[in-house]
Amino acid sequence: MRDFIRPVFVIAWKDIMLELRTKDIVVSALVFALMVIVIFNFALNITPPMVDSLAPGILWLAFAFAGVLAMGRAFITEGDQGSLDGLLLCPVSRDAIFLGKMSSMFLFMVLIESLVLPIFVVLFNFDSISFKLIAIVLLGTLGFATCGTLFSSIAFNLRSREIMLPLLFFPVVTPIIIACVEASLGVITDTVNIIGTGRWIGLISVFDAIFLVLCPWAFGIVMEE
Amino acid sequence: MLISNIMTSMICKTTPSEIAKEPLAIRVEGLSKSFGATPVLRCFDLTLERGKRLVVFGRNGSGKTTLLKLLSTRYRADSGNIWINGISTDLEPNMIRRSIGVVLHNPMLYQDMTCEENLRFFGSMFDLSDLYDRISDVLCKVNLVYQKDQKARNLSHGMQKRLGIARALLHDPEVLLLDEPESGLDKQMLDDVGPFLFKSTRGNRTIVMATHNSEIGLKWADEVAFLSKGTIVYRASRSDMDEGRFHDMFLQQLEKIT
(Lines give C-alpha, C1' and ligand atoms only; values in the text may rest on other atoms or scores of the structure.)
Protein backbone atom coordinates (compact mmCIF):
# COMPACT_ATOMS: atom_id res chain seq x y z
CA MET A 1 0.00 0.00 0.00
CA ARG A 2 2.89 2.36 0.85
CA ASP A 3 4.32 1.68 -2.62
CA PHE A 4 1.06 2.93 -4.09
CA ILE A 5 0.44 5.96 -1.87
CA ARG A 6 4.00 7.37 -1.81
CA PRO A 7 4.26 8.17 -5.56
CA VAL A 8 0.81 9.80 -5.40
CA PHE A 9 2.16 12.27 -2.84
CA VAL A 10 5.48 12.69 -4.68
CA ILE A 11 3.72 13.57 -7.95
CA ALA A 12 1.21 15.89 -6.26
CA TRP A 13 4.01 17.64 -4.35
CA LYS A 14 6.01 18.05 -7.59
CA ASP A 15 2.98 19.62 -9.32
CA ILE A 16 2.39 21.98 -6.40
CA MET A 17 6.06 23.00 -6.38
CA LEU A 18 6.00 23.65 -10.14
CA GLU A 19 2.75 25.63 -9.82
CA LEU A 20 4.19 27.77 -7.02
CA ARG A 21 7.03 28.57 -9.38
CA THR A 22 5.18 29.11 -12.65
CA LYS A 23 1.62 30.00 -11.46
CA ASP A 24 0.42 28.83 -14.88
CA ILE A 25 -2.76 27.09 -13.77
CA VAL A 26 -4.12 28.97 -10.77
CA VAL A 27 -3.59 32.54 -12.00
CA SER A 28 -5.14 32.03 -15.45
CA ALA A 29 -8.12 30.07 -14.10
CA LEU A 30 -8.64 32.50 -11.23
CA VAL A 31 -8.68 35.52 -13.53
CA PHE A 32 -11.18 33.75 -15.77
CA ALA A 33 -13.48 32.84 -12.85
CA LEU A 34 -13.36 36.40 -11.52
CA MET A 35 -14.19 37.76 -14.97
CA VAL A 36 -17.28 35.54 -15.08
CA ILE A 37 -18.67 36.70 -11.74
CA VAL A 38 -17.85 40.37 -12.37
CA ILE A 39 -19.61 40.27 -15.75
CA PHE A 40 -22.65 38.56 -14.23
CA ASN A 41 -22.70 41.13 -11.45
CA PHE A 42 -23.04 43.93 -13.98
CA ALA A 43 -25.17 42.09 -16.54
CA LEU A 44 -27.91 40.76 -14.28
CA ASN A 45 -28.30 43.74 -11.93
CA ILE A 46 -29.16 41.36 -9.13
CA THR A 47 -31.25 42.55 -6.21
CA PRO A 48 -30.78 40.95 -2.74
CA PRO A 49 -33.88 38.71 -2.98
CA MET A 50 -32.64 37.30 -6.28
CA VAL A 51 -29.15 36.43 -5.06
CA ASP A 52 -29.92 33.13 -3.39
CA SER A 53 -31.71 31.69 -6.40
CA LEU A 54 -29.10 32.84 -8.93
CA ALA A 55 -25.93 32.28 -6.88
CA PRO A 56 -25.56 28.50 -7.51
CA GLY A 57 -25.79 28.89 -11.30
CA ILE A 58 -23.30 31.77 -11.44
CA LEU A 59 -20.89 30.11 -9.03
CA TRP A 60 -20.83 26.76 -10.80
CA LEU A 61 -20.56 28.40 -14.18
CA ALA A 62 -17.47 30.27 -12.96
CA PHE A 63 -16.04 27.10 -11.36
CA ALA A 64 -16.71 25.00 -14.47
CA PHE A 65 -15.13 27.48 -16.91
CA ALA A 66 -12.14 28.09 -14.66
CA GLY A 67 -11.86 24.34 -14.09
CA VAL A 68 -11.72 23.43 -17.75
CA LEU A 69 -9.04 26.08 -18.27
CA ALA A 70 -7.02 24.58 -15.41
CA MET A 71 -7.51 21.02 -16.68
CA GLY A 72 -6.16 22.06 -20.06
CA ARG A 73 -2.83 22.76 -18.37
CA ALA A 74 -2.70 19.54 -16.33
CA PHE A 75 -0.51 17.59 -18.74
CA ILE A 76 1.15 20.47 -20.58
CA THR A 77 4.02 20.63 -18.07
CA GLU A 78 4.51 16.88 -18.51
CA GLY A 79 4.25 16.44 -22.21
CA ASP A 80 5.69 19.58 -23.74
CA GLN A 81 8.98 18.92 -22.00
CA GLY A 82 9.12 15.15 -22.54
CA SER A 83 8.91 14.50 -18.82
CA LEU A 84 5.76 12.42 -19.25
CA ASP A 85 7.96 9.69 -20.74
CA GLY A 86 10.21 9.96 -17.68
CA LEU A 87 7.19 9.69 -15.39
CA LEU A 88 5.78 6.68 -17.25
CA LEU A 89 9.17 4.94 -17.07
CA CYS A 90 9.16 5.11 -13.26
CA PRO A 91 8.34 1.85 -11.44
CA VAL A 92 4.92 2.99 -10.25
CA SER A 93 1.47 2.01 -11.42
CA ARG A 94 -0.46 4.18 -13.85
CA ASP A 95 -3.18 4.51 -11.20
CA ALA A 96 -0.72 6.16 -8.85
CA ILE A 97 0.37 8.59 -11.56
CA PHE A 98 -3.26 9.41 -12.31
CA LEU A 99 -4.18 9.91 -8.66
CA GLY A 100 -1.11 12.10 -8.13
CA LYS A 101 -2.04 14.35 -11.04
CA MET A 102 -5.70 14.32 -10.01
CA SER A 103 -4.86 15.27 -6.40
CA SER A 104 -2.88 18.30 -7.51
CA MET A 105 -5.64 19.40 -9.89
CA PHE A 106 -8.19 18.99 -7.07
CA LEU A 107 -6.06 21.17 -4.78
CA PHE A 108 -5.60 23.84 -7.46
CA MET A 109 -9.35 23.96 -8.08
CA VAL A 110 -10.10 24.16 -4.34
CA LEU A 111 -7.62 27.03 -4.10
CA ILE A 112 -9.29 28.85 -7.01
CA GLU A 113 -12.75 28.28 -5.48
CA SER A 114 -11.64 29.47 -2.05
CA LEU A 115 -10.40 32.71 -3.62
CA VAL A 116 -13.46 33.19 -5.83
CA LEU A 117 -16.05 32.53 -3.13
CA PRO A 118 -15.17 35.49 -0.82
CA ILE A 119 -15.14 37.85 -3.81
CA PHE A 120 -18.52 36.48 -4.87
CA VAL A 121 -19.83 37.10 -1.33
CA VAL A 122 -18.71 40.74 -1.48
CA LEU A 123 -19.88 41.45 -5.04
CA PHE A 124 -23.32 39.86 -4.69
CA ASN A 125 -23.88 40.59 -0.99
CA PHE A 126 -24.29 36.84 -0.57
CA ASP A 127 -24.63 35.66 3.03
CA SER A 128 -25.69 32.00 2.70
CA ILE A 129 -22.30 30.31 2.90
CA SER A 130 -22.53 27.22 5.07
CA PHE A 131 -20.57 24.05 5.75
CA LYS A 132 -23.12 22.14 3.67
CA LEU A 133 -22.46 24.39 0.69
CA ILE A 134 -18.69 24.00 1.11
CA ALA A 135 -19.14 20.22 1.29
CA ILE A 136 -21.11 20.26 -1.97
CA VAL A 137 -18.41 22.39 -3.62
CA LEU A 138 -15.72 19.93 -2.49
CA LEU A 139 -17.71 16.89 -3.65
CA GLY A 140 -18.41 18.46 -7.03
CA THR A 141 -14.79 19.53 -7.41
CA LEU A 142 -13.59 15.99 -6.70
CA GLY A 143 -15.65 14.58 -9.59
CA PHE A 144 -14.70 17.49 -11.80
CA ALA A 145 -10.97 17.05 -11.12
CA THR A 146 -11.09 13.27 -11.55
CA CYS A 147 -12.89 13.41 -14.86
CA GLY A 148 -10.95 16.48 -15.99
CA THR A 149 -7.56 14.87 -15.39
CA LEU A 150 -8.53 11.92 -17.56
CA PHE A 151 -9.82 14.09 -20.41
CA SER A 152 -6.80 16.33 -20.13
CA SER A 153 -4.58 13.27 -20.70
CA ILE A 154 -6.71 12.27 -23.69
CA ALA A 155 -6.79 15.76 -25.20
CA PHE A 156 -3.06 16.19 -24.65
CA ASN A 157 -2.31 13.77 -27.48
CA LEU A 158 -4.79 15.41 -29.85
CA ARG A 159 -3.82 18.05 -32.36
CA SER A 160 -6.39 20.71 -31.39
CA ARG A 161 -6.42 19.95 -27.70
CA GLU A 162 -7.73 23.38 -26.58
CA ILE A 163 -10.93 22.77 -28.54
CA MET A 164 -11.22 19.05 -27.93
CA LEU A 165 -10.95 19.17 -24.14
CA PRO A 166 -14.19 21.11 -23.48
CA LEU A 167 -15.96 19.21 -26.26
CA LEU A 168 -15.11 15.86 -24.69
CA PHE A 169 -15.21 16.90 -21.07
CA PHE A 170 -18.39 18.94 -20.60
CA PRO A 171 -20.90 16.32 -21.86
CA VAL A 172 -19.50 13.80 -19.37
CA VAL A 173 -19.27 16.16 -16.41
CA THR A 174 -22.63 17.89 -17.01
CA PRO A 175 -24.58 15.57 -14.64
CA ILE A 176 -22.23 16.56 -11.81
CA ILE A 177 -22.59 20.28 -12.60
CA ILE A 178 -26.40 20.01 -12.70
CA ALA A 179 -26.44 18.04 -9.46
CA CYS A 180 -24.11 20.58 -7.83
CA VAL A 181 -26.29 23.52 -8.92
CA GLU A 182 -29.45 21.82 -7.65
CA ALA A 183 -27.88 20.72 -4.35
CA SER A 184 -26.38 24.19 -3.80
CA LEU A 185 -29.73 25.79 -4.54
CA GLY A 186 -31.43 23.49 -2.05
CA VAL A 187 -28.89 24.33 0.67
CA ILE A 188 -28.84 28.09 0.02
CA THR A 189 -32.60 28.64 -0.26
CA ASP A 190 -33.35 25.89 2.25
CA THR A 191 -36.17 24.65 0.06
CA VAL A 192 -37.01 21.13 -0.97
CA ASN A 193 -36.74 20.75 -4.74
CA ILE A 194 -38.24 17.98 -6.87
CA ILE A 195 -36.07 15.08 -5.72
CA GLY A 196 -34.59 16.60 -2.56
CA THR A 197 -31.17 18.08 -1.77
CA GLY A 198 -29.94 14.88 -0.17
CA ARG A 199 -30.55 12.91 -3.34
CA TRP A 200 -28.67 15.46 -5.44
CA ILE A 201 -25.74 15.12 -3.05
CA GLY A 202 -26.10 11.34 -3.35
CA LEU A 203 -26.00 11.66 -7.12
CA ILE A 204 -22.78 13.72 -6.95
CA SER A 205 -21.26 11.09 -4.64
CA VAL A 206 -22.24 8.25 -7.00
CA PHE A 207 -20.67 10.06 -9.96
CA ASP A 208 -17.54 10.75 -7.91
CA ALA A 209 -17.29 7.06 -7.03
CA ILE A 210 -17.80 5.98 -10.65
CA PHE A 211 -15.21 8.46 -11.91
CA LEU A 212 -12.73 7.42 -9.20
CA VAL A 213 -12.94 3.81 -10.37
CA LEU A 214 -13.22 4.29 -14.13
CA CYS A 215 -10.86 7.21 -14.74
CA PRO A 216 -7.64 5.63 -13.35
CA TRP A 217 -8.41 2.48 -15.35
CA ALA A 218 -9.05 4.47 -18.52
CA PHE A 219 -5.88 6.51 -17.92
CA GLY A 220 -3.81 3.30 -18.05
CA ILE A 221 -5.29 2.55 -21.47
CA VAL A 222 -4.84 6.13 -22.73
CA MET A 223 -1.17 6.15 -21.75
CA GLU A 224 -0.44 2.89 -23.52
CA GLU A 225 1.13 3.33 -26.94
CA MET B 1 -6.29 -1.65 -13.21
CA LEU B 2 -5.28 -1.44 -9.54
CA ILE B 3 -6.86 -4.81 -8.81
CA SER B 4 -5.30 -6.39 -11.90
CA ASN B 5 -1.90 -4.98 -10.87
CA ILE B 6 -2.21 -6.50 -7.42
CA MET B 7 -3.39 -9.85 -8.85
CA THR B 8 -0.55 -9.92 -11.37
CA SER B 9 2.01 -9.13 -8.70
CA MET B 10 0.60 -11.97 -6.53
CA ILE B 11 0.49 -14.55 -9.30
CA CYS B 12 3.56 -13.72 -11.34
CA LYS B 13 6.13 -12.72 -8.77
CA THR B 14 9.55 -13.70 -10.05
CA THR B 15 11.93 -14.61 -7.28
CA PRO B 16 15.40 -13.01 -7.06
CA SER B 17 17.03 -16.45 -7.45
CA GLU B 18 15.17 -17.00 -10.75
CA ILE B 19 16.36 -13.61 -11.96
CA ALA B 20 19.95 -14.39 -10.99
CA LYS B 21 19.84 -17.73 -12.89
CA GLU B 22 18.73 -16.12 -16.15
CA PRO B 23 21.84 -15.84 -18.39
CA LEU B 24 20.16 -13.59 -20.93
CA ALA B 25 19.66 -9.95 -20.02
CA ILE B 26 17.33 -9.40 -22.96
CA ARG B 27 15.21 -11.89 -24.86
CA VAL B 28 12.81 -10.78 -27.54
CA GLU B 29 10.61 -13.21 -29.49
CA GLY B 30 8.37 -12.45 -32.45
CA LEU B 31 8.01 -8.77 -31.64
CA SER B 32 5.83 -6.71 -33.95
CA LYS B 33 4.82 -3.09 -33.65
CA SER B 34 2.89 -0.89 -36.05
CA PHE B 35 1.78 2.73 -35.88
CA GLY B 36 -1.52 2.86 -37.70
CA ALA B 37 -1.02 1.01 -40.95
CA THR B 38 2.75 1.44 -40.88
CA PRO B 39 4.64 -1.58 -39.55
CA VAL B 40 7.84 -0.59 -37.74
CA LEU B 41 9.05 -3.90 -36.29
CA ARG B 42 8.12 -7.25 -37.83
CA CYS B 43 8.57 -10.60 -36.05
CA PHE B 44 11.66 -9.22 -34.40
CA ASP B 45 13.89 -11.60 -32.39
CA LEU B 46 16.82 -10.61 -30.22
CA THR B 47 18.91 -12.08 -27.44
CA LEU B 48 21.63 -10.37 -25.47
CA GLU B 49 23.76 -11.84 -22.71
CA ARG B 50 24.23 -10.11 -19.39
CA GLY B 51 26.93 -7.48 -19.35
CA LYS B 52 27.16 -7.18 -23.15
CA ARG B 53 26.86 -3.96 -25.11
CA LEU B 54 24.86 -4.11 -28.34
CA VAL B 55 25.04 -1.11 -30.64
CA VAL B 56 22.26 -0.89 -33.21
CA PHE B 57 22.77 1.08 -36.40
CA GLY B 58 20.12 1.84 -38.97
CA ARG B 59 18.73 4.59 -41.11
CA ASN B 60 16.00 6.93 -39.89
CA GLY B 61 12.73 5.05 -39.51
CA SER B 62 14.37 1.64 -39.34
CA GLY B 63 12.82 1.01 -35.91
CA LYS B 64 15.71 1.72 -33.51
CA THR B 65 13.85 4.10 -31.21
CA THR B 66 10.72 1.96 -31.33
CA LEU B 67 12.79 -1.06 -30.28
CA LEU B 68 14.24 0.86 -27.33
CA LYS B 69 10.81 2.14 -26.30
CA LEU B 70 9.39 -1.38 -26.46
CA LEU B 71 12.27 -2.71 -24.36
CA SER B 72 11.74 0.11 -21.87
CA THR B 73 7.99 -0.76 -21.52
CA ARG B 74 7.07 2.71 -22.85
CA TYR B 75 5.40 1.10 -25.85
CA ARG B 76 3.28 -2.02 -25.82
CA ALA B 77 3.96 -4.54 -28.60
CA ASP B 78 1.21 -5.59 -31.00
CA SER B 79 2.48 -9.16 -30.70
CA GLY B 80 5.51 -10.98 -29.35
CA ASN B 81 7.21 -11.08 -25.97
CA ILE B 82 10.07 -9.34 -24.22
CA TRP B 83 11.93 -10.61 -21.18
CA ILE B 84 14.44 -8.46 -19.34
CA ASN B 85 16.57 -10.53 -16.94
CA GLY B 86 14.01 -13.30 -17.33
CA ILE B 87 11.05 -11.10 -16.39
CA SER B 88 8.26 -10.52 -18.88
CA THR B 89 7.56 -6.86 -19.62
CA ASP B 90 3.85 -7.69 -19.90
CA LEU B 91 3.57 -9.34 -16.51
CA GLU B 92 5.80 -7.23 -14.30
CA PRO B 93 6.48 -3.91 -16.00
CA ASN B 94 7.29 -2.09 -12.75
CA MET B 95 9.97 -4.64 -11.88
CA ILE B 96 11.46 -4.10 -15.34
CA ARG B 97 11.34 -0.31 -14.96
CA ARG B 98 13.26 -0.62 -11.71
CA SER B 99 16.08 -2.50 -13.45
CA ILE B 100 16.47 -0.35 -16.56
CA GLY B 101 17.77 3.12 -17.24
CA VAL B 102 16.62 4.95 -20.35
CA VAL B 103 18.20 7.84 -22.25
CA LEU B 104 16.05 9.02 -25.15
CA HIS B 105 16.43 11.98 -27.53
CA ASN B 106 14.43 14.08 -25.11
CA PRO B 107 16.14 14.40 -21.70
CA MET B 108 12.77 13.83 -19.95
CA LEU B 109 13.25 16.60 -17.39
CA TYR B 110 11.08 19.23 -15.75
CA GLN B 111 12.39 22.48 -17.16
CA ASP B 112 11.29 24.61 -14.20
CA MET B 113 13.01 22.38 -11.66
CA THR B 114 16.71 22.55 -10.83
CA CYS B 115 19.06 19.68 -11.67
CA GLU B 116 19.00 18.50 -8.08
CA GLU B 117 15.21 18.77 -7.80
CA ASN B 118 14.75 16.77 -10.99
CA LEU B 119 16.97 14.01 -9.66
CA ARG B 120 15.31 14.13 -6.24
CA PHE B 121 11.88 13.77 -7.85
CA PHE B 122 12.84 10.81 -10.04
CA GLY B 123 14.82 9.25 -7.17
CA SER B 124 11.73 9.52 -4.94
CA MET B 125 9.67 7.82 -7.64
CA PHE B 126 12.16 4.92 -7.52
CA ASP B 127 12.00 5.01 -3.69
CA LEU B 128 15.79 5.10 -3.38
CA SER B 129 17.09 4.92 0.17
CA ASP B 130 20.39 6.83 -0.02
CA LEU B 131 19.06 9.40 -2.45
CA TYR B 132 21.22 12.40 -1.53
CA ASP B 133 24.45 10.40 -1.81
CA ARG B 134 23.34 9.01 -5.16
CA ILE B 135 22.45 12.46 -6.47
CA SER B 136 25.88 13.83 -5.50
CA ASP B 137 27.50 10.79 -7.08
CA VAL B 138 25.71 10.99 -10.46
CA LEU B 139 26.05 14.78 -10.67
CA CYS B 140 29.76 14.32 -10.12
CA LYS B 141 29.92 11.61 -12.82
CA VAL B 142 28.28 13.83 -15.44
CA ASN B 143 30.18 16.89 -14.27
CA LEU B 144 27.17 18.97 -13.25
CA VAL B 145 28.03 19.58 -9.60
CA TYR B 146 28.31 23.35 -10.04
CA GLN B 147 25.05 23.49 -12.02
CA LYS B 148 22.98 21.52 -9.50
CA ASP B 149 20.95 24.56 -8.42
CA GLN B 150 20.30 25.78 -11.96
CA LYS B 151 16.92 25.20 -13.57
CA ALA B 152 16.98 22.64 -16.37
CA ARG B 153 15.69 25.24 -18.85
CA ASN B 154 18.81 27.34 -18.24
CA LEU B 155 21.17 24.52 -19.16
CA SER B 156 22.66 24.04 -22.61
CA HIS B 157 21.50 21.13 -24.77
CA GLY B 158 24.62 19.14 -23.85
CA MET B 159 24.15 19.79 -20.13
CA GLN B 160 20.50 18.73 -20.35
CA LYS B 161 21.64 15.54 -22.06
CA ARG B 162 24.11 14.92 -19.25
CA LEU B 163 21.38 15.52 -16.68
CA GLY B 164 19.21 13.03 -18.60
CA ILE B 165 22.06 10.51 -18.33
CA ALA B 166 22.37 11.26 -14.60
CA ARG B 167 18.62 10.60 -14.23
CA ALA B 168 19.00 7.27 -16.03
CA LEU B 169 21.95 6.22 -13.84
CA LEU B 170 20.45 7.36 -10.53
CA HIS B 171 18.96 3.99 -9.56
CA ASP B 172 22.06 2.09 -10.75
CA PRO B 173 20.19 0.03 -13.37
CA GLU B 174 21.43 -3.33 -14.64
CA VAL B 175 20.27 -2.60 -18.19
CA LEU B 176 20.74 0.68 -19.99
CA LEU B 177 18.84 1.69 -23.13
CA LEU B 178 20.49 4.55 -24.97
CA ASP B 179 19.08 6.39 -27.96
CA GLU B 180 21.85 8.41 -29.57
CA PRO B 181 23.44 9.36 -26.25
CA GLU B 182 26.29 11.08 -28.08
CA SER B 183 24.08 13.86 -29.52
CA GLY B 184 24.98 17.15 -27.86
CA LEU B 185 27.99 15.72 -26.03
CA ASP B 186 31.57 16.55 -26.94
CA LYS B 187 34.18 13.82 -27.36
CA GLN B 188 35.82 14.53 -24.02
CA MET B 189 32.51 14.24 -22.18
CA LEU B 190 31.70 10.98 -23.97
CA ASP B 191 35.06 9.56 -22.92
CA ASP B 192 34.45 10.71 -19.35
CA VAL B 193 30.86 9.46 -19.10
CA GLY B 194 31.40 6.18 -21.01
CA PRO B 195 32.95 4.17 -18.14
CA PHE B 196 30.11 5.19 -15.78
CA LEU B 197 27.58 3.94 -18.31
CA PHE B 198 29.32 0.58 -18.69
CA LYS B 199 29.75 -0.32 -15.00
CA SER B 200 27.12 -0.71 -12.33
CA THR B 201 27.84 -1.60 -8.72
CA ARG B 202 26.99 -5.21 -9.63
CA GLY B 203 29.38 -5.47 -12.57
CA ASN B 204 29.12 -4.75 -16.27
CA ARG B 205 25.87 -3.21 -17.42
CA THR B 206 23.93 -4.65 -20.31
CA ILE B 207 23.53 -1.88 -22.84
CA VAL B 208 21.45 -1.54 -25.98
CA MET B 209 22.36 1.62 -27.82
CA ALA B 210 21.02 3.09 -31.04
CA THR B 211 23.24 5.49 -32.92
CA HIS B 212 24.31 6.89 -36.29
CA ASN B 213 27.82 7.58 -35.03
CA SER B 214 30.08 4.70 -36.18
CA GLU B 215 33.10 5.94 -34.23
CA ILE B 216 31.36 5.93 -30.84
CA GLY B 217 29.27 2.90 -31.76
CA LEU B 218 32.27 0.73 -32.62
CA LYS B 219 34.23 2.00 -29.66
CA TRP B 220 31.52 1.10 -27.17
CA ALA B 221 30.16 -2.08 -28.76
CA ASP B 222 30.66 -5.73 -27.86
CA GLU B 223 28.24 -6.54 -30.66
CA VAL B 224 26.92 -4.52 -33.57
CA ALA B 225 23.68 -4.90 -35.50
CA PHE B 226 22.10 -3.18 -38.48
CA LEU B 227 18.37 -2.63 -38.42
CA SER B 228 16.48 -2.19 -41.67
CA LYS B 229 12.71 -2.07 -42.14
CA GLY B 230 12.12 -3.48 -38.69
CA THR B 231 14.41 -6.50 -38.85
CA ILE B 232 18.07 -7.12 -38.09
CA VAL B 233 19.89 -7.54 -41.39
CA TYR B 234 23.39 -7.89 -39.95
CA ARG B 235 24.72 -8.81 -36.54
CA ALA B 236 28.25 -9.64 -35.44
CA SER B 237 30.38 -9.52 -32.35
CA ARG B 238 32.91 -6.71 -32.40
CA SER B 239 35.81 -9.15 -32.42
CA ASP B 240 34.48 -11.28 -35.33
CA MET B 241 33.14 -8.36 -37.30
CA ASP B 242 33.93 -8.06 -40.98
CA GLU B 243 35.10 -4.43 -40.97
CA GLY B 244 34.77 -4.12 -44.76
CA ARG B 245 31.18 -5.30 -44.78
CA PHE B 246 30.32 -3.10 -41.80
CA HIS B 247 31.70 0.00 -43.50
CA ASP B 248 29.90 -0.84 -46.76
CA MET B 249 26.64 -1.14 -44.88
CA PHE B 250 27.30 1.99 -42.88
CA LEU B 251 28.07 4.03 -45.99
CA GLN B 252 24.96 2.64 -47.69
CA GLN B 253 22.91 3.75 -44.67
CA LEU B 254 24.56 7.17 -44.67
CA GLU B 255 23.67 7.65 -48.33
CA LYS B 256 20.05 6.84 -47.58
CA ILE B 257 20.01 9.37 -44.75
CA THR B 258 21.59 12.16 -46.81
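Because the structure is a prediction, the values reported are computed rather than measured. (Residues numbered from 1 in each chain as written. Chains lettered and ligands numbered in written order. Predicted model: local features only at pLDDT ≥ 70, side-chain atom pairs only at ≥ 80, totals over all residues.)

J.: Explain the overall build of chain A to me, using residue names and the numbers behind them.
T.: Broken down by element type, chain A carries nine helices and zero strands. Going residue by residue from the N terminus, the α and β elements of chain A occur as α-α-α-α-α-α-α-α-α. Computed over C-alpha atoms, the radius of gyration of chain A comes to 18 Å, within 12% of the 17 Å expected from 2.2 N^0.38 for 225 residues, which places it in the range of a compact globule. Overall size of chain A, expressed as C-alpha extent along the three principal axes, is 55 × 35 × 30 Å. When the 225 residues of chain A are sorted by exposure, 48% land in the buried category. Partitioning the contacts of chain A with sequence separation of at least 6, the portion at a separation of at least 24 is 84%. (Helix = DSSP H or I, 4+ residues; strand = E, 2+ residues; numbered from the N terminus. Rg over C-alpha atoms; globule rule 2.2 N^0.38 Å. Buried ≥ 20, exposed ≤ 12 C-beta atoms within 10 Å, placed from the backbone. Contact = placed C-beta atoms within 7 Å.)

J.: Explain the overall build of chain B to me, and be specific about the residues and the numbers.
T.: What chain B contains, in helices and strands, is 10 helices and 12 strands. Taken over 258 residues, chain B has a buried fraction of 43%. In chain B, once contacts between residues fewer than 6 apart in sequence are set aside, the share between residues at least 24 apart is 69%.

J.: Which residues make up the environment of Leu168(A), and what values go with them?
T.: Residue and element names in this part refer to chain A. Counting through the fold element by element, Leu-168 comes out in helix H8 (residues 161-189). Sequence separation between Leu-168 and Gly-148 is 20 residues, and the spatial gap between their C-alpha atoms is 9.7 Å. With near-sequence residues (within four places) excluded, Leu-168 lies in contact with Phe-151, Ile-154 and Ala-155.

J.: Describe the interface of chain A and chain B, listing the residues and the values that go with them.
T.: Each side of the interface is counted separately: chain A has 25 residues, and chain B has 27 residues. Secondary-structure elements contributing two or more residues to the side of chain A that touches chain B are helix H1 (2-22), helix H5 (83-88), helix H6 (94-124) and helix H9 (197-222) of chain A. With seven residues, H1(A) is the single largest residue contributor to the side of chain A that touches chain B. When the residues that make up the side of chain A that touches chain B are grouped by side-chain class, the tally is 10 nonpolar, seven polar and eight charged. (Nonpolar A, V, L, I, M, F, W, Y, C, P; charged D, E, K, R; others polar.)

J.: I'd like to hear about helix H6 (residues 131-141) of chain B, residue by residue, with values.
T.: Residues and elements named next belong to chain B. Residues Arg-134, Ile-135, Val-138 and Leu-139 constitute the buried set of H6. Around the axis of H6, the buried residues are gathered within 125° of arc, so they sit on the same side. Away from the buried face of H6 by more than 90 degrees, exposed residues Tyr-132 and Asp-133 are located. Downstream of H6 by a residue or two, Asn-143 has a phi angle that is positive, lying close to 60°. (Arc of directions from axis to C-beta.)

J.: So what about the environment of Thr73(B)? Which residues, and what values?
T.: Residue and element names in this part refer to chain B. The topology assignment puts Thr-73 in the loop between helix H3 (64-71) and strand E4 (79-84). The class of Thr-73 is buried, set by 22 C-beta atoms lying within 10 Å. Through-space distance from the C-alpha of Thr-73 to that of Ile-96 is 7.8 Å; in sequence the pair is 23 residues apart. Ignoring anything within four residues of it in the chain, the contact list for Thr-73 reads Thr-89, Pro-93, Ile-96 and Arg-97.

J.: Just give me the short version of the nonpolar core, but keep the residues and values in it.
T.: One finds Ala70(A), Ile112(A), Val56(B), Ala166(B) and Val208(B) to be the most contacted residues of the largest nonpolar core, which totals 139 residues. Setting aside residues no more than four positions away along its own chain, Ile112(A) makes contact with Val26(A), Ala29(A), Leu30(A), Ala33(A), Ala66(A) and Ala70(A). (Core = buried A, V, L, I, M, F, W, Y, C linked by C-beta atoms within 7 Å.)

J.: Could you give an account of the sheet that holds strand E2 (residues 38-49) of chain B, with specific residues and numbers?
T.: Residues and elements named next belong to chain B. The strand order E2-E1-E4-E5 describes an open sheet built from four strands, whose pairing is antiparallel. What marks the edges here is a single partner per strand, and that holds for E2 and strand E5 (87-88). Of the strand pairs in this sheet, strand E1 (residues 24-35) and E4 are connected by five bridges, and their pairing is antiparallel. The residue of E4 that forms the bridge with Glu-29 is Asn-81. (Pairing = 2+ DSSP bridges.)

J.: Go over the pairing of E2(B), please, and point to the residues and values.
T.: Residue and element names in this part refer to chain B. Pairing between E1 and E2: eight bridges, direction antiparallel. Bridging from a neighbouring strand, Arg-27 pairs with Thr-47 of E2. Between E1 and E2, which pair antiparallel in sequence order, lie two residues; one of them, Gly-36, sits at a positive phi of approximately 65°.

J.: Give me the lowdown on the sheet that holds strand E3 (residues 53-57) of chain B, citing residues and values where you can.
T.: All names here are of chain B. Ordered by their spatial adjacency, six strands build an open sheet running E6-E7-E10-E3-E11-E12, and the pairing between neighbours is mixed. Each edge of the open sheet is held by one strand with a lone partner, namely strand E6 (100-103) and strand E12 (231-237). Here the strands of the sheet are splayed against their neighbours by 15° on average, with no regard to which way each runs. Inspection of the sheet shows strand E11 (residues 223-228) paired to E12 by six bridges, in the antiparallel sense. Its bridge partner lying in E12, Leu-227 is registered against Ile-232. Contacts from H3 reach E3, strand E7 (175-179), strand E10 (206-210) and E11, with the element oriented near 150° to E10. Helix-sheet contacts for helix H7 (residues 157-169) involve E6 and E7, and the interaxial angle to E6 is about 170°. (Axes fitted to C-alpha atoms, helices over the stretch in contact; angles between N-to-C directions.)

J.: Explain H3(B) residue by residue, including any values.
T.: Burial analysis of H3(B) places eight of its eight residues in the buried class, which makes it a mostly covered element. Among the residues of H3(B), Lys64(B), Thr65(B), Thr66(B), Leu67(B), Leu68(B), Lys69(B), Leu70(B) and Leu71(B) are the ones counted as buried.

J.: Residue-level account of the confidence of the model for chain A, with values.
T.: Taken residue by residue, chain A gives an average pLDDT of 88. The fraction at 70 or more is 97%. The spread of mean pLDDT over the elements of chain A runs between helix H4 (residues 76-79) of chain A, the lowest at 75, and H6(A), the highest at 93. (pLDDT = per-residue confidence, 0-100.)

J.: Break down the confidence of the model for chain B for me, with residues and values.
T.: Residues and elements named next belong to chain B. For chain B, mean pLDDT is 85; residues scoring 70 or higher make up 89% of the total. Looking at the elements of chain B, mean pLDDT is at its lowest for helix H1 (residues 2-11), recorded as 46, and at its highest for helix H5 (residues 115-125), recorded as 95. Per-residue pLDDT stays below 50 along residues 4-12; that stretch engages in four contacts with residues further than four places along the chain or on separate chains. Note on the complex model: pTM 0.88, ipTM 0.87.

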